[in-house]
Structure formats: C-alpha cells, structure tokens
Amino acid sequence: GLKTIGSAAFSCCTSLENINIPETVTSIENTAFYDCHSLQSIYIPQNVTRIDNYTFYNCTTLESIQLPEGVTNIGDYAFYKCYNLKNVNIPDKVTNIGRYAFNYCINLRDLRIPSTVNSIGNPIAYWATIKNTVEAGITEIELPDIIKRAITEGDILYCGTGISITSGKLNNNKTKLLINENASR
C-alpha cells in the first residue's frame, strides 16, 4: 500500500475539503497540503511520526487536527496561517517544534506544549509565534521547564507588550515578560 504522501502532493488543491490518509502511510513530506484553502478535516494515521515543514501552511479553513501519538517533530511553518485552527493536540512524544509552526493561528485558544519538547525554533521565532497568537486572543500556553530555562530578559524585545510568564504559564493579563524565579539560562 501507499507509504508516503510526497512533497507538494496535494499542494494548492483549493477544492480539497476532507481527506483520510490510509493506515499504511508512515510519512507526510514537506508542503504536502500547502495552500489547501478548503481543507476542513484530515485523518492522519498513527504510524506517521513527523509533520514536516510547511505541511499545512495556509490551510485557512482547517479547524482541528488530531496528531498521532507517535509524532516527534512538528516542522517549520507546519501550521502557519491556519487562521481557523482552534484545536491541536501536541503529542507527548514531540521533542521539536519548528520555527513559526503556529504563527497566525488566530483562532487557537489553548496550546499545551509537553515537557518532552526541548526545542522550539529559536527564541526570536518562538516569541514572534506567541506574540501573534496572544494578540489574537489565546489565553494560556503551558511551557515545559527546558523552554522556560532558555528565556532571558532580552526576549522581551521579541514579545511585545501584554505578555508575561509566571509559574510556567503565559497569559496576556500582565504588561511585561516576567521570568519565573526558577528560570535560568
């Protein structure tokens, strides 16, 4: 059976609304669903372990996605400009979230980043991601300790105003970034 959804396989299929990927698929490559503006739902089989770069870039009507528990990597720009994305689970096995992975997901309200994540793009990209998401209305992002330890006061420059971190939670009720007392570089 089919093992791979290749790069750009469905890219720019602007009428594609729903897709069930067969259980035999283990790999979904870069830009596979890039610019699928009408994509509302997708089933990803449990054998898939990566969401590659730009996979769902600009899938503007995608509202929810259930990532398989075996996913370990979410690539750069993976969900960039998924404006209607409201729900996404980040599985506990994920260790890397790429640059700008959730930028401009303006309807995303809660995002739990599991403690297994040890890399989120780079600080500039990461805080730009949170800034754009927070300004859109997200109320809470849980951060793993390893990410909190990588935060420094210089990162305030990339946060903008109205964002703070206290006790590992990000919320938009404060006026500046506060470093948890246990956070260190």
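Note: the structure precedes this text.
Residues numbered from 1 in each chain as written. Predicted model: local features only at pLDDT ≥ 70, side-chain atom pairs only at ≥ 80, totals over all residues. Heavy atoms only, no water.

1. Remarks on the overall build of the protein chain
Summing up its helical and strand segments, the protein chain has three helices and 14 strands in all. Considering only contacts in the protein chain between residues 6 or more positions apart, those separated by 24 or more positions represent 34%. (Helix = DSSP H or I, 4+ residues; strand = E, 2+ residues; numbered from the N terminus. Contact = heavy atoms within 4.5 Å.)

2. Regarding the sheet that holds strand S7 (residues 73-74)
Note on sheets: strands pair through backbone hydrogen bonds, and any given pair is parallel or antiparallel. In space, the four strands of this open sheet follow the order S5-S7-S9-S11, with parallel pairing throughout. Strands at the two margins of the open sheet, each flanked by one partner only, are strand S5 (50-51) and strand S11 (119-120). (Pairing = 2+ DSSP bridges.)

3. A closer look at the pattern of salt bridges
For the structure on display, the rule yields three salt bridges. One salt bridge in this structure joins aspartate 52 and arginine 50, with 2.8 Å as the shortest N-O distance. What makes aspartate 52 buried here is its relative accessible area of 11%. Where aspartate 76 meets arginine 99, a salt bridge forms, and the shortest distance between an N and an O atom there is 3.0 Å. Taken as a pair, aspartate 76 in the loop between S7 and strand S8 (87-88) and arginine 99 in the loop between strand S9 (96-97) and strand S10 (110-112) lie far apart in primary sequence, 23 residues in all. In this structure arginine 99 comes out as partly exposed when scored by relative accessible area, which is 34%. (Salt bridge = Lys/Arg side-chain N within 4 Å of Asp/Glu carboxyl O. Buried < 20%, exposed > 50% of the residue type's maximum accessible area, 1.4 Å probe, protein only.)

4. Description of unusual backbone geometry
Here the phi dihedral of threonine 31 falls at roughly 60 degrees; this positive angle occurs in a residue that is not glycine. What makes threonine 31 partly exposed here is its relative accessible area of 21%. One non-glycine residue, tyrosine 104, adopts positive backbone phi at about 65 degrees. For tyrosine 104, a relative accessible area of 32% corresponds to the partly exposed category.

5. Observations regarding the nonpolar core
Nonpolar side chains tend to gather and get buried jointly when the protein is soluble and globular. Counting 36 residues, the largest nonpolar core has Phe33, Ile44, Phe56, Ile65, Ile74, Phe79 and Phe102 as the members making the most contacts within it. Each residue touching isoleucine 65, except ones within four places of it in the same chain, is listed here: Ile42, Ile44, Phe56, Phe79, Leu85, Asn87, Val88 and Asn89. (Core = buried A, V, L, I, M, F, W, Y, C linked by side-chain atoms within 4.5 Å.)

6. Here we look at the side chain of asparagine 58
Within the secondary structure layout, asparagine 58 lies in the loop between S5 and strand S6 (64-65). Engagement of the side chain of asparagine 58 in a polar contact is seen with the side chain of aspartate 35, the distance being 2.6 Å. Residue contacts for asparagine 58: discarding those within four places in its chain leaves Asp35, Cys36, His37, Tyr80, Lys81 and Tyr83. (Polar contact = N/O pair within 3.5 Å; in protein donor to acceptor, adjacent residues only side chain to side chain.)

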